[in-house]
Structures are given as C-alpha cells and as structure tokens.
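Summary of structural features
Residues per chain, in single letters:
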Amino acid sequence: MPIFLLMMLGFVFRKINVLNEQFTKSLNSFVFKIALPALVFKELANQDIKETWDTGYVFFCFGVTLASIILLLVIAFAFKGISDKAEFVQASFRSSAALLGVGIVTNLYGDAGMVPLMIIGAVPLYNVTAVVLLEVLKAKGGISKALLFETLKGIITNPIILGIIVGAVWAAFKIPSPVIFERTVTHVGNTATPLGLMALGASLDFKSIGKQAGTVITATFFKLVGFCALFLPLAIYIGYTRDKLLAILIMLGSPTTVSSFVMARSMGHDGQTSAGTVMCTTLLSAFTLTLWLFVLKTLGLI
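Residues numbered from 1 in each chain as written. Predicted model: local features only at pLDDT ≥ 70, side-chain atom pairs only at ≥ 80, totals over all residues. Heavy atoms only, no water.

**Overview of the overall build of the chain**
Where we set the bar: A run of H or I in DSSP counts as a helix once it spans at least four residues, and a run of E counts as a strand once it spans at least two, with each numbered from the N terminus. Buried residues are those whose accessible area, probed at 1.4 Å on protein chains only, stays under 20% of the maximum for their type, while exposed residues exceed 50% and partly exposed ones sit between those limits. Should any heavy atoms of two residues lie within 4.5 Å, those residues are considered in contact. What sets the accessible areas is the Shrake-Rupley method with a 1.4 Å probe; for residues, cover comes only from the shown protein chains.
What the chain contains, in helices and strands, is 16 helices and zero strands. Counting all 302 residues of the chain, 51% fall into the buried class. Taking contacts inside the chain between residues at least 6 apart in sequence as the whole, the part at least 24 apart equals 82%. When the accessible surface of the chain is summed, it comes to about 14,100 Å², and 70% of that surface belongs to carbon and sulfur atoms.

See below:
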C-alpha cells in the first residue's frame, strides 16, 4: 500500500501543479539514467557470488524467464487488440525482483538468501529483452539495417544494462568499495523507487489507460497469477524449497517494476500500458502474494 500511495501522491502533485510535465520528464530521465543504474549496481556489486553460486538454479531462473517472454510474444502477436506489444510483454514479465525480493526474504530468513542468484539469472535478461523489444517494436516501417544498428546501440548504451555489467564485474573481481563511495551510490540508488513511482503517478492518464484496459488486465493476470501457476509446480518438482523457492515466487509473482514505465517513456512509447500494469499489479499483489505465501507455507515448502 505505501508503494501504491507513492504513485497516487505523484498523481495528486501533478493535479495541484507541484509537478508539471517538463519536471516529470526530467525526473523520468534522472531515474532511468542515474538512479536505476546505481540501484542495480549496488545490488550486484556487494554480492559474494562464488559463495552461493548454483549453476542449475541460475539456469532455471533464466530458462523460466525466457519461456515467459516467448509465451507473451506469441500472445501479443496472436491478439490484434494489443496495440503496444513491447509494453505489454515487458510489463507482463518484469518483476520488482531486487527491491521486493530482498525485503521479503530478509524478513523471513534474516538475509537475502538466493535472491542475488535469482537476480543474476533473470534481471539481465529482463533488461536486455526490454531494450530490444522497446527499440524494435516501436518501428512503424519494419526492420531495417538502420533500425538494427540503432537497436544494438540502444542495448550497448542502455544505462541499466551498463549498471548490471559494472556491478557484475565489481563483484567478480571483489573490488573494494570505500565507505564514502558505497554510501553515496546507495543513497542515489534508493531514490529510484520513490521518485520513479511519483513520476509514474504524475504521468498517469486514466483515459488512456482505460483504452488499454484489456491489455492491462491480461498483463496483470500473467504477472500475478499465470506464471506462478505455470512454473511454481515445476520448481517444487525439481526440489526447490525455502529461500530458493521464495526467490522464484518473487521472480514470477511480484508486481511489475516501475522501471518498465520509466524505460517505455524514455524510449519513445507512451507508457500508459506500463503505467496501468504497474498500478494494478502493485495494488493487487498485496492479496496475491499473500495467498501464494500462505499456500507454500501450508504445504511446508517455505
């Protein structure tokens, strides 16, 4: 509810002219280019990857994410009613894995558990796929050499992907972080969620979201219910329990990350499908995640 209320604060601030359109665009740009890269860098740079490494688990997270994306692409192209296919696909699979995952697992087990490995398996694929989709599918005249070049350039220079690469290298080589540097990066990264959510709220256009209601409802269903129902039984069958299973639940069933909206707006899309899905999944996940946690706890799996 506090996350949802941050969005609504942004909406109210826009209505009373505390936030205007130009400032909201600048806020989105700051979150996309500075705060989110700092956040993903911080999440990866301090992990002792060698200590907890599990190749099979990482590949499971990667494979499930890839399967989800392929299924969503099939659905997006099968139904003509989905106008912005890139926004639909990324809003349906991109989870608040780092922010929400660390919080929930730490509350239950005292540390982040297997969430960092889940992040390594899923989040880079989240971001690379999102950049490719948002670049390629916004084209109106088909795929050309110029478009492919621009897409490749967009992937290489995408701030979030650069943050992931630098964070992974930092962790792999165990580069020391001076306290001043670490705290500064942490403070900057911590602004990503509140500022991103308020920028999202200030950009909400309920009329435009209403026109995309079917797409938003479909994306919300897959994000909170569909993929959990499909892939949690597989994870249980393989033998994942406790923090491993909980990290997979976060990957599959947590609300759509606010960065999906920030990236969509920053890369030439209107962002309304992303905004509507973030809003709906954030509100409804309070109920769906509680239900999934209750089921897994009842079965003695977490």
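Once you've had a look at it, read on.
**A look at the packing of helix 13 (residues 213-238) against helix 14 (residues 242-253)**
What counts is decided by this rule: The convention used is that axes are lines fitted to C-alpha atoms, helices contributing only their stretch in contact, and that angles between N-to-C directions extend from 0 to 180 degrees. Here the angle decides the label: under 35 degrees means roughly parallel, over 145 means roughly antiparallel, 65 to 115 means roughly perpendicular, and every other value means oblique. Each helix crossing is assigned a hand: it is left-handed if the near helix lies turned anticlockwise from the far helix by less than a right angle, otherwise right-handed if that turn is clockwise. Side-chain classes are defined by residue name, with Ala, Val, Leu, Ile, Met, Phe, Trp, Tyr, Cys and Pro counting as nonpolar, Asp, Glu, Lys and Arg as charged, and the others, Gly among them, as polar.
Running from N to C, helix 13 and helix 14 point in directions that differ by 150°, and their axes come no closer than 8 Å. By the angle between their directions, the pair helix 13 and helix 14 is classed as roughly antiparallel. Like other packed secondary-structure pairs, helix 13 and helix 14 cross with a definite hand, here right-handed. Where helix 13 abuts helix 14, its residues Lys-223, Leu-224, Phe-227, Cys-228, Phe-231, Leu-232, Ala-235 and Ile-236 lie against Leu-245, Ile-248, Leu-249, Met-251, Leu-252 and Gly-253. A class-by-class count of the residues in the contact of helix 13 with helix 14 yields 12 nonpolar, one polar and one charged.

**Details of the nonpolar core**
The line we're drawing: Here, the term nonpolar core denotes a set of buried Ala, Val, Leu, Ile, Met, Phe, Trp, Tyr and Cys residues that are joined through side-chain atoms within 4.5 Å.
By size, the foremost hydrophobic cluster in this structure holds 70 residues, and its most contacted members are Ile-248, Met-251 and Leu-252. For this core, the element with the highest residue contribution is helix 7 (residues 115-136), accounting for 11 residues. For Ile-248, the residues in contact, after removing those within four places along its chain, are Tyr-57, Phe-60, Leu-232, Ala-235 and Tyr-240. Within the second largest apolar cluster, five residues are counted, among which are Ala-38, Ala-45, Trp-170 and Val-185.

**With respect to the side chain of Thr-288**
Here Thr-288 is to be found in helix 16 (residues 272-298). Apart from residues lying up to four places away in sequence, Thr-288 is in contact with Leu-224 and Val-225.

**Some thoughts on the side chain of Ser-68**
Residue placement: Ser-68 occurs in helix 4 (residues 55-78). Other than its neighbours up to four places away in sequence, Ser-68 contacts Phe-227 and Phe-231.

**Considering the packing of aromatic side chains**
In plain terms, the rule: A pair of Phe, Tyr and Trp rings is counted when the ring centres sit within 6.5 Å of each other, with Trp represented by its six-membered ring. The angle between the planes then sorts it: under 30 degrees is stacked, over 60 is edge-to-face, the rest tilted. Whether a charge sits over a ring comes down to the Lys NZ or Arg CZ being within 6 Å of the ring centre and within 35 degrees of the ring normal.
Inspection of every chain in the model, using the stated rule, returns eight aromatic pairs. Between the aromatic rings of Tyr-57 and Tyr-240, the centroid separation amounts to 5.2 Å while the plane-to-plane angle is 85°, which identifies the pairing as edge-to-face. You can see Tyr-57 sitting in helix 4 and its partner Tyr-240 sitting in the loop between helix 13 and helix 14, a full 183 residues away along the chain. Measuring from centroid to centroid gives 5.4 Å for Phe-60 and Tyr-240, while their planes differ by 65°, and the two rings are edge-to-face. Remark: Tyr-240 occurs in the loop between helix 13 and helix 14 and Phe-60 occurs in helix 4; sequence separation between them is 180 residues. Neither residue differs from the other here; Phe-60 and Tyr-240 are each classed as buried. Connected via pairs of aromatic rings, a cluster forms that spans Phe-221, Phe-222, Phe-227 and Phe-231. When the ring centre of Phe-77 is taken as origin, the NZ or CZ atom of Lys-85, which lies over that ring, is 5.4 Å away.

**A few points about unusual backbone geometry**
Unusually for a residue other than glycine, Asn-17 sits at a positive phi of about 65°. Of note in this structure, Lys-174 is not a glycine but carries a positive phi near 50°. Here Lys-174 shows up in the loop between helix 9 (159-172) and helix 10 (179-190).

**Comments concerning the confidence of the model for the chain**
A low pLDDT score tells you not to read the predicted coordinates there in detail. Convention followed: Per-residue confidence from the prediction method is given by pLDDT, with values spanning 0 to 100.
On average, the chain scores 79 in pLDDT, and the residues at 70 or more come to 83%. Taken element by element, the predicted model of the chain shows its lowest mean pLDDT in helix 6 (residues 97-109) (61) and its highest in helix 10 (90).

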